[in-house]
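Below, each chain spelled out in residue letters.
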Amino acid sequence: MSFFFPWQLKLAEIYLKNKNKIYANIIYGSNGVGKFEFAFSYAASLLCESDHDSIACGICVSCKLIAKNNHPDLKLIYPEYMNKFEISIEGKIFRYIDIIENNHLSKEIRIQQIRDLLPWLNITAHRGRKKIIIIHSANCLNEISSNALLKILEEPPLGVVFLIVTNILHKLSPTIISRCQLIHLPIPAKNVSLNWLSNATKLDSLNIEKYLAFTGGAPLKSFFLIKSSNDICPMWIMELLCNIYENKNFKLYSFLDVNFDKMSLFEWIDFFQKLYFDLMLTKFNDDVRYFIEIKNTILKISNKIDISSIMNMIIYLNNKNLLINNNNNINARLLVNVLLQKIISQIK
Ligand SMILES: [Zn+2]
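By the naming in an unreviewed UniProt entry, the protein is DNA polymerase III subunit delta, taken from Candidatus Kinetoplastidibacterium stringomonadis TCC290E.

**Student:** In this structure, what is going on with helix 14 (residues 295-303)? I would like to understand it.
**Tutor:** Working note: α-helix, 3.6 residues per turn, so residues spaced by three or four point in the same direction. The set of residues buried in helix 14 consists of Thr 297, Ile 298, Ile 301 and Ser 302. The buried residues of helix 14 all sit within an arc of 140° when viewed along its axis, so they share a single face. Within helix 14, the exposed residues directed more than 90 degrees away from the buried face are Asn 296 and Asn 303. Those residues of helix 14 hidden inside the fold are in contact with helix 11 (235-246) and helix 13 (265-283).

**Student:** I would appreciate a short explanation of the coordination of the zinc ion in the present structure.
**Tutor:** Octahedral six-donor coordination of a metal ideally yields angles of 90 or 180 degrees, compared with 109.5 degrees for tetrahedral four-donor coordination. Distances from the zinc ion to its protein donors, Cys 48 (SG), Cys 57 (SG), Cys 60 (SG) and Cys 63 (SG), fall at 2.3 Å. Its four donor atoms give the zinc ion angles of 103 to 117° at the centre, a pattern that matches the tetrahedral case. In primary-sequence terms, the residues that donate to the zinc ion follow C-x8-C-x2-C-x2-C. Of this pair, Cys 48 sits in the loop between helix 2 (35-47) and helix 3 (61-67) while Cys 60 sits in the loop between helix 2 and helix 3; the two residues are twelve residues apart in sequence, bridging distant segments of the chain. Cys 48 gets classed as buried once you look at its relative accessible area, which sits at 4%.

**Student:** Looking at this structure, I do not really get unusual backbone geometry. What am I missing?
**Tutor:** Glycine aside, a negative phi is what most residues show, and trans is what most peptide bonds show. Located in the positive-phi region is Asn 69, a residue other than glycine, with phi close to 55°. Note that Asn 69 resides in the loop between helix 3 and strand 2 (74-77). A positive phi is found at Asn 285, a non-glycine position, where the angle reads about 55°. Relative to the helices and strands, Asn 285 is located in the loop between helix 13 and helix 14. Looking at Asn 285, the relative accessible area reads 73%, which means it is exposed.

**Student:** Explain empty space enclosed by the protein to me, please; I cannot follow it from the model alone.
**Tutor:** The rolling of a water-molecule-sized probe over the atoms marks out the regions of remaining empty space. By the definition in use, this model includes one cavity of 30 Å³ or more. Its volume calculated, the largest cavity comes out at about 50 Å³. Looking at the lining of the largest cavity, the elements that each hand over two or more residues are strand 3 (82-89), strand 4 (92-99) and helix 10 (219-227). For the lining of the largest cavity, the class distribution of residues is eight nonpolar, no polar and two charged. Viewed by domain, the lining of the largest cavity spans two of them, domain 1 (9-186) and domain 2 (192-230), each represented by three or more residues.

**Student:** How should the packing of aromatic side chains be read in this particular structure?
**Tutor:** The way to describe two aromatic rings as a pair is by their centre distance and the angle between their planes. Evaluated as defined, the whole model comprises 18 aromatic pairs. Ring geometry for Phe 5 against Trp 196: centres 5.4 Å apart, planes inclined by 90°, an arrangement best described as edge-to-face. Remark: Trp 196 occurs in helix 8 (residues 190-201) and Phe 5 occurs in the segment before helix 1 (9-16); sequence separation between them is 191 residues. Cluster of aromatic residues (ring-pair linked, three or more members): Phe 5, Trp 7, Phe 85, Phe 94, Tyr 96, Trp 196, Phe 223 and Phe 224. Taking the ring centre of Tyr 253 as reference, the NZ or CZ of Arg 333 above it sits at 4.5 Å. In this structure, Lys 342 packs its charged tip against the face of Tyr 316, placed 4.3 Å from the ring centre.

So, how was this worked out
- Residues numbered from 1 in each chain as written.
- Predicted model: local features only at pLDDT ≥ 70, side-chain atom pairs only at ≥ 80, totals over all residues.
- Heavy atoms only, no water.
- Buried < 20%, exposed > 50% of the residue type's maximum accessible area, 1.4 Å probe, protein only.
- Helix = DSSP H or I, 4+ residues; strand = E, 2+ residues; numbered from the N terminus.
- Arc of directions from axis to C-beta.
- Contact = heavy atoms within 4.5 Å.
- Donors = N, O, S within 2.8 Å, 3.2 Å for Na, K, Ca; no water.
- Tetrahedral: all angles 85-135°; square planar, octahedral: opposite > 155°, others 65-115°.
- 1 Å grid on protein atoms, 1.4 Å probe; cavity = no way out; pocket = protein on both sides within 12 Å on 5 of 7 lines; lining within 4 Å.
- Points joined across faces, edges and corners; volume = space filled by probe spheres on them.
- Nonpolar A, V, L, I, M, F, W, Y, C, P; charged D, E, K, R; others polar.
- Domains from an automatic or database assignment.
- Phe/Tyr/Trp six-rings, centres within 6.5 Å; stacked < 30°, edge-to-face > 60°.
- Lys NZ or Arg CZ within 6 Å of the ring centre and 35° of its normal.

This is the structure in structure tokens:
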């Protein structure tokens, strides 16, 4: 029995062949490809007490402890503002880490979380095998906690394996990266995602393709979007785009009062990036990639913006994206307000 998603199985088998040689790994890839489930199943496979296969057997004592989230030799670290969730898909339990809605908890992995590992690192494994640490969203390590982790990696206790998970590889310190094996989880092939999503959601392929287009091919991101019964493009976004297009008496401030909290800052920036990418494509007479559902509105907006404004905005958004990745103390509402005003001012 395997916990891995179908698009991860072969990759897992390849890396697990060297499971006894490598103690530090970085697992990285885009949002929504299943990085946490991969790390969790990888940990399960390293801890599995059956010797028949490289993939976790699912039936030994260790695998059962993993299933109950109760394995004494597995530690999990992530920023406070996130939590671990479980979901059953086709009778299998999958796990993922997500942001807890509407919270003001720390977005960093703090030094204390790394320090708390120390006593555990120095005791022998309860089950007599390896000990595994999964550090999820490792891009949230601050400078101090990152240095503390580096110290541990420099003199790793025997039998401890690190699975460091991130969607932003360049945010990890180069010294940490240099000490780890890099495991890249790519966006799966479209037909693999389509197959999996049609079994998991019972939606027809044509609709699934629209979701996959919107999420840049990320199967889990598509899955959650479909499951939340949200339209690919929610009504309030439609309203926003129509208002931007019409550009008449748009009460931006009151609009944000009602709608700002519906997306995180990362999602807002992501939304703007997708919008401008599609606007650029239409300028080159190409098909829209993300907002397929509202192609006509995108075309109308595109006709009112010149190409240099679009390119400038794409560069501007990339810079803002880097800024928010490197700074947790940004006034998100102000930034979104400025971005929207910039867009409105570009429409002629
Ligand atoms: Zn097992």
